[in-house]
Amino acid sequence: MRALSSLFQTRWATQPWKPALGAGLAIAVIAGLKAWGMLAYLIAPLGASATLVWMVPKSPLARPRAVIGGSLISALIGFFVLSLSGSTPWAMGFAVGLAIFAMVMFDVLHAPAGALPLVIGITHPEPVGFMASLAASTILLVLLGLIYVRLTERKTHPAPGPN
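What you see is a predicted model, and the numbers here were worked out from it, not measured in a lab.

> I'm lost on the overall build of the protein chain in this one. Help?
If you tally the helices and strands in the protein chain, you get 7 helices and 0 strands. Listed N to C, the secondary structure of the protein chain is α-α-α-α-α-α-α in terms of helices and strands. For the protein chain, the proportion of its 163 residues judged to be buried stands at 36%. Pairs at least 24 residues apart make up 73% of the contacts formed inside the protein chain by residues separated by at least 6 positions.

Laid out in structure tokens, this is it:
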């Protein structure tokens, strides 16, 4: 029990609640846009995207081009493959694999985007509304994340020199 308490205190000292709160607020804004009819869809993998953008903002998987580009490429591949072959298990697996390959080739790998062909295959969303919602949501998520990082990153100041 003492080890668990020590671990919790160590984790709490790094203040993980700050980026977690930021990520939660960003998702709440996006969900609010959906609730107010400004977005056609609220897309589940955005929660995982928010985790990367806020908790590991310097990760290659959290780069703006990866979050936005990886998501859009994966969704387009999902719509294309599944429109040709239907939502069979093999087609969904192929679409996910092809999406991952494309993200690597375009240098926009974003792990949560790998789920988008599955989301599309399971829910059969309307393509234009889905793509518009995805584009707006990922752009907003990235912008809010960049603002958060800019406002909260620690500034290191040089030590005062001799007078």
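Moving on, there is more to tell.
> Teacher, can you tell me more about helix H3 (residues 46-55) here?
In an α-helix, one turn spans 3.6 residues, which is why side chains three or four residues apart end up on the same side. Within H3 the residues assigned to the buried category are Leu46, Ser49, Ala50, Leu52, Val53 and Trp54. Close packing links the buried residues of H3 with helix H2 (17-35), helix H4 (64-85) and helix H7 (127-152).

> Before we go on, may I ask you to explain the side chain of Thr138 in this structure?
Position of Thr138 among the secondary structure elements: in helix H7. Apart from residues lying up to four places away in sequence, Thr138 is in contact with Leu46, Val67, Ile68 and Ser71.

> Looking at this structure, how should I read the environment of Ala66?
The topology assignment puts Ala66 in helix H4. Aside from chain neighbours lying at most four places away, what touches Ala66 is Pro60, Leu61, Ser71, Val108, Leu109 and His110.

> Which parts of the structure should I look at to understand unusual backbone geometry?
It is generally the case that most residues other than glycine have a negative phi and that most peptide bonds are trans. Not every positive phi belongs to a glycine, and Asp107 is a case in point at roughly 60°. Within the element layout of this structure, Asp107 appears in the loop between helix H5 (89-105) and helix H6 (116-123).

> Which parts of the structure should I look at to understand the nonpolar core?
Nonpolar side chains in soluble globular proteins generally cluster together in the buried interior. In terms of nonpolar packing, the biggest core is built from 28 residues, with Trp54, Ala75, Leu116, Phe130 and Leu141 touching the most fellow members. Put simply, the parts of the chain that give this core at least two residues each are H2, H3, H4, H5, H6 and H7. With 7 residues, H7 is the single largest residue contributor to this core. Setting aside chain neighbours within four positions, we find Leu116 in contact with Ile43, Pro45, Ser71, Ser74, Ala75, Phe130 and Leu134. Counting residues in hydrophobic clusters, the runner-up holds 5 residues, among them Ile77, Ala95, Ala99 and Ala102.

About the criteria used
Residues numbered from 1 in each chain as written. Predicted model: local features only at pLDDT ≥ 70, side-chain atom pairs only at ≥ 80, totals over all residues. Heavy atoms only, no water. Helix = DSSP H or I, 4+ residues; strand = E, 2+ residues; numbered from the N terminus. Buried < 20%, exposed > 50% of the residue type's maximum accessible area, 1.4 Å probe, protein only. Contact = heavy atoms within 4.5 Å. Core = buried A, V, L, I, M, F, W, Y, C linked by side-chain atoms within 4.5 Å.

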